[in-house]
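# Tertiary structure, described
The chain contents come next:
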Amino acid sequence: MNPQANLIFIISLLLGTTITISSNHWIMAWTGLEINTLSILPLISKSHHPRAIEAATKYFLTQSAASALVLFSSMTNAWHTGQWDITQLTHPTSSLILTSAVAMKLGLVPFHFWFPEVLQGSPLTTGLLLSTIMKLPPIALLYMTSHSLNPTLLTTLAILSTALGGWMGLNQTQIRKVLAFSSISHLGWMTIIIVYNPKLTLLNFYLYAMMTATIFLTLNTIKVLNLSTLMTAWTKIPSLNAMLLLTLLSLAGLPPLTGFLPKWLIIQELTKQDMAPAATLISLLSLLSLFFYLRLAYCTTITLPPHTTNHMKQWRTNKSTSIMIAILTTMSVMLLPISPIILTIV
């Protein structure tokens, strides 16, 4: 793709996100979501591969339906209450329609079917944008309307998302699909706490985006798309592979690493809200996703595969990893000790 065109699309993407998260009026928020959708479509389909075109078409149809539902929800609310302000969403039917629209935008169960397919058809850099920046505007809408949403519905969606995200990721061999199901599982954790403590949702999203960015950028550096090539990629940049192992374990939420912080705080908050059964259930369901993270981590660091592969051993590359990956990797692994500072900022 032409670099100038690429730059315009990325600037439009950032502009759409900024418009949505800074708007008070439903029409402006909807406009930002539309700009976002239209600017990511060329980035998904830039390889001109049939799978990329299919991914762009699926993405367009799903997001169009979700945007129409957002508009319908806001118009219904304005009809009944006379308010176009985002924070004044008080009508129960409007809240229900908005929850469905945002679930479709984010890829929550049962509206999750498009997300793994779209991520599989996209390049790794576009997959990074889809998994991080594109999730921010819908989460901002949830944040602004959290006081009027239905807690039971959100808890149900969250538990189903965590269950299906872990369950369907178990037998995947394509890394992008594994990361898509990982994203669905993490969105479950964000959704369950949005009504009770919206700031925890934002903290979880920021840390998830940071860890996912690290993984996508690392995979883009070592040029790996599936598990069989991941097994033989350790010879390229061994130190980066070792850090990829730690980042994957951090994304799984294991205790001494950064990813444990949001899970710990969410379980603590759910227990305070007398939702210990929901906290227990979502914790047990996250063990499913832990399994495929461990599988990825095993394939990342295995130096002698248990069976002969058809892939040749890779040459070690001399190119150094970017400073961005170094910073993100360090933060993805080592932020837990400074969690009191993070909590005072958030």
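Given the structure is predicted, the values throughout are model-derived calculations rather than measurements.

Quick look at the overall build of the protein chain now. A count of helices and strands for the protein chain gives 16 helices and zero strands. Over its C-alpha atoms the protein chain spans a radius of gyration of 20 Å, differing by no more than 12% from the 20 Å that the globule rule assigns to 346 residues. Across its three principal directions, the C-alpha atoms of the protein chain cover 65 × 50 × 35 Å. When the 346 residues of the protein chain are sorted by exposure, 53% land in the buried category. A fraction of 77% describes how many contacts in the protein chain between residues 6 or more apart in sequence connect residues 24 or more apart. Of the roughly 15,100 Å² that the protein chain leaves accessible, carbon and sulfur atoms contribute 70%. Computing the positive centroid from 16 side-chain charges and the negative centroid from 6, the protein chain places the two 19 Å apart.

Turning our eyes to something else, we now look at the UniProt feature "domain: NADH:quinone oxidoreductase/Mrp antiporter transmembrane" (unreviewed entry) in the protein chain. Sequence positions flagged by UniProt for "domain: NADH:quinone oxidoreductase/Mrp antiporter transmembrane" (unreviewed entry) are, in local numbering, residues 23-288. Strand forms 0% of residues 23-288 and helix 75%; the C-alpha atoms that close the span are 38 Å apart.

Our next topic: the packing of helix H3 (residues 50-81) against helix H4 (residues 92-106). Put simply, H3 and H4 touch, their axes get as near as 8 Å, and they point 160° apart. Relative to H4, the element H3 lies roughly antiparallel. The handedness of the crossing between H3 and H4 comes out as left-handed. Residues Thr62, Gln63, Ala65, Ala66, Ser67, Leu69, Val70, Phe72, Ser73, Thr76 and Asn77 of H3 pack against Ser94, Ile97, Leu98, Ala101, Met104 and Lys105 of H4. Residues belonging to the contact of H3 with H4 are distributed by class as follows: nine nonpolar, seven polar and one charged.

The next thing to look at is the domain arrangement of the protein chain. When its domains are assigned, the protein chain resolves into domain 1 (1-127) and domain 2 (150-307 + 321-345). Computed over C-alpha atoms, the centres of domain 1 and domain 2 are 23 Å apart. Each partner contributes residues to the interface: domain 1 has 19 residues there, and domain 2 has 23 residues. The contact between domain 1 and domain 2 buries some 1,800 Å² in all, and 75% of this surface belongs to carbon and sulfur atoms. The largest share of the area that domain 1 buries against domain 2 comes from Val109, Gln120 and Leu124, three residues that together contribute 37% of it. There are one salt bridge connecting domain 1 and domain 2. In this structure, Lys177 engages Glu117 in a salt bridge whose closest nitrogen and oxygen atoms are separated by 3.5 Å. Between the two partners, domain 1 and domain 2, sit four residue pairs in polar contact (both at pLDDT 80 or more).

One can find Ser67 in helix H3. With relative accessibility at 2%, the residue Ser67 sits in the buried group. Contact partners of Ser67, with chain neighbours within four places excluded, come to Trp30, Glu34 and Lys105.

Following the criterion strictly, the structure yields five aromatic pairs and no others. Geometrically, the ring pair formed by Tyr59 and Trp114 is edge-to-face, given 5.6 Å between the ring centres and 65° between the ring planes. One end of the pair, Tyr59, is in helix H3; the other, Trp114, is in helix H5 (residues 114-121), and 55 residues separate them in sequence. For the ring pair Phe292 and Tyr293, a centre distance of 5.0 Å and an interplane angle of 50° mean the geometry is tilted. One aromatic cluster in this structure is built from Tyr59, Trp114 and Phe115. It is Lys135 that lies over the ring of Phe115; its NZ or CZ is 3.7 Å from the centre. In this arrangement the basic side chain of Lys263 is found over the ring face of Trp189, its NZ or CZ atom lying 5.1 Å from the centre.

A separate point is the environment of Thr81. Looking at the element boundaries, Thr81 is found in helix H3. Measuring from C-alpha to C-alpha, the distance between Thr81 and His91 comes to 7.6 Å, with 10 residues separating the pair along the chain. Only 2.6 Å separates the side chain of Thr81 from the backbone oxygen of Asn77, close enough to count as a polar contact. From its side chain, Thr81 meets the backbone nitrogen of Gln83 in a polar contact 3.3 Å long.

Here is what the cut-offs are and how they apply
- Residues numbered from 1 in each chain as written.
- Predicted model: local features only at pLDDT ≥ 70, side-chain atom pairs only at ≥ 80, totals over all residues.
- Heavy atoms only, no water.
- Helix = DSSP H or I, 4+ residues; strand = E, 2+ residues; numbered from the N terminus.
- Rg over C-alpha atoms; globule rule 2.2 N^0.38 Å.
- Buried < 20%, exposed > 50% of the residue type's maximum accessible area, 1.4 Å probe, protein only.
- Contact = heavy atoms within 4.5 Å.
- Areas by Shrake-Rupley, 256 points an atom, 1.4 Å probe, with all protein chains shown as cover.
- Lys, Arg positive; Asp, Glu negative; His and termini not counted.
- Charge placed at Lys NZ, Arg CZ, Asp CG, Glu CD.
- UniProt positions renumbered as here; feature names shortened; annotations may be inferred.
- Axes fitted to C-alpha atoms, helices over the stretch in contact; angles between N-to-C directions.
- Parallel < 35°, antiparallel > 145°, perpendicular 65-115°, else oblique.
- Left-handed = near helix turned anticlockwise from the far one by under 90°.
- Nonpolar A, V, L, I, M, F, W, Y, C, P; charged D, E, K, R; others polar.
- Domains from an automatic or database assignment.
- Buried area = accessible area lost by both parts, 1.4 Å probe.
- Salt bridge = Lys/Arg side-chain N within 4 Å of Asp/Glu carboxyl O.
- Polar contact = N/O pair within 3.5 Å; in protein donor to acceptor, adjacent residues only side chain to side chain.
- Phe/Tyr/Trp six-rings, centres within 6.5 Å; stacked < 30°, edge-to-face > 60°.
- Lys NZ or Arg CZ within 6 Å of the ring centre and 35° of its normal.

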